[in-house]
Every structure is written in structure tokens, then in C-alpha cells.
Amino acid sequence: MAENLMINAYHNGKVNIADDVIGVITTIAASEIKGIKALSGTFQDDVLEMIGKKNFNKGIEVEMIEQQVTVNISIIVDYGFKVQEIAKQVQESVKLAIESMTGLEVVAVNVSVEGINTKMNA
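Residues numbered from 1 in each chain as written. Predicted model: local features only at pLDDT ≥ 70, side-chain atom pairs only at ≥ 80, totals over all residues. Heavy atoms only, no water.

**Here we look at the overall build of the protein chain**
Inclusion rule: The helix count covers DSSP runs of H or I at least four residues long, the strand count covers runs of E at least two residues long, and both are numbered beginning at the N terminus. For each residue, the accessible area found with a 1.4 Å probe, counting protein chains only, is set against the maximum for its type, and the residue is called buried under 20%, exposed over 50%, and partly exposed in between. The criterion used for residue contact is that any of the two residues' heavy atoms lie within 4.5 Å. For accessible areas, the Shrake-Rupley method is used with a probe of radius 1.4 Å. Any residue's cover is judged against the shown protein chains and nothing else.
Along the protein chain, the regular secondary structure elements total three helices and six strands. What you see in the protein chain, going N to C, is helices and strands ordered as β-β-α-β-α-β-β-α-β. A total of 122 residues make up the protein chain; the buried ones form 37% of that total. Counting contacts in the protein chain only where the partners sit at least 6 residues apart, residues at least 24 apart contribute 67% of the total. In the form shown here, the protein chain has an accessible surface area of approximately 8000 Å², with 52% of it arising from carbon and sulfur atoms.

**With respect to the nonpolar core**
Put simply, the rule reads: The nonpolar core is taken to be a set of buried Ala, Val, Leu, Ile, Met, Phe, Trp, Tyr and Cys residues, with the residues joined through side-chain atoms within 4.5 Å.
Of all hydrophobic cores here, the largest spans 24 residues; its most connected members are Ile22, Val69, Ile73, Ile75, Ile86, Val90 and Ile98. Contributions of two or more residues to this core are made by α1 (19–31), β3 (36–39), β4 (60–65), β5 (68–78), α3 (83–102) and β6 (105–117).

**Brief notes about the pairing of β4**
Spelled out, the test is: Note: two strands are recorded as paired if DSSP finds a minimum of 2 bridges between them.
Burial along β4 is one-sided: the residues Ile60, Val62 and Met64 are buried and none of Glu61, Glu63 and Ile65 is. Bridging between β4 and β5 involves six bridges; their strand directions are antiparallel. Note that in β5 the partner of Met64 across the bridge is Val69.

**A short note on the pairing of β6**
For clarity, the cut-off: For crossovers, right-handed means that the path from the first strand over the helix to the second runs clockwise, given strands pointing away from the viewer.
Strand direction decides the pairing type here: β5 and β6, joined by eleven bridges, are parallel. Each bridged residue has a counterpart across the sheet, and for Asp78 the counterpart in β6 is Asn117. Read as a crossover between parallel neighbours, the route from β5 over α3 to β6 is right-handed.

**As for the pattern of salt bridges**
Two side chains bearing opposite charge may form a pair once their charged atoms approach each other closely. Threshold: Here a salt bridge means any side-chain nitrogen of Lys or Arg lying within 4 Å of a carboxyl oxygen belonging to Asp or Glu.
Summed over all chains, the structure comprises two salt bridges. For Glu85, the salt bridge identified is with Lys82, shortest N-O distance 3.9 Å. Relative accessible area serves as the criterion here: at 57%, Lys82 is assigned to the exposed category. In this structure, Glu99 and Lys95 form a salt bridge, with 2.7 Å as the shortest nitrogen-oxygen distance.

**Comments concerning a nonpolar patch on the surface**
Definition in use: Candidates for patches are residues over 30% relative accessible area with no salt bridge; among them, like charges are joined within 9 Å and nonpolar side chains (Val, Leu, Ile, Met, Phe, Trp, Tyr) within 5 Å.
Residues Tyr79, Val83, Val113 and Ile116 make up a contiguous nonpolar surface patch of roughly 340 Å² in combined accessible area. Checked against the element boundaries, Val113 lands in strand β6. Val113 sits in the partly exposed class, given a relative accessible area of 34%.

Just distances and angles here, no functional claims.
In C-alpha cells:
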């Protein structure tokens, strides 16, 4: 994920936005939604966490072409929440956060529900 996108900024120079920045914005926007237990990452993400490296983009892939962004996000939903409603809220929240913070156009937020959390916290 370490690519950068260069955009014009008021003709005063260039602004570079790393796709990791988009990933962090996505993580924060998704984690604010009630019913999301966690983001679901890859085996590589899990290994990095085991050796002590925090991955803020776990379960997120970002594709940037010119000033358009596509985000793929994998989530785990808490039991009892409507999966379709949670996924729609994730799409709306992530799109709004990225567009308002970066000025980039979000073309798609693809949500994959990788699991349901059945553990009830007391």
C-alpha cells in the first residue's frame, strides 16, 4: 500500500496523499459504526501484529487512479446487527470521510463481511 497520489493544490505546488492515509481514514470511519467488531485482515496482517507491528490498514485495500479512489474493506459484524445495514453505513461513512478530508472522489467502497462475532461481552 505505499503508493502516493499527487494532486494540485491551488497552483501553489503539489500535495502528495499516500494510500496509507486513505487506509487510516477508512479505519477510523468504519470503527465509529456501532455493530462493527473489527476489521478483518490477511494472514500477513496477523503475522505483523504477532511480531508487534501495528497495522492501521488491516483489512483495507486502496486503489488510486488520478483523483479517484476505490476502497476494499473487510469487516466482522457483531451478532444481532443487520449485516446489510452495517455494510451500507460503512460505505457511506468511509466515502464521506475520505472525500471531506482529502477532496478526492470515492468511486466505490466495497465491503466484504468476513465473519460474525458471536461472543457476547458482559
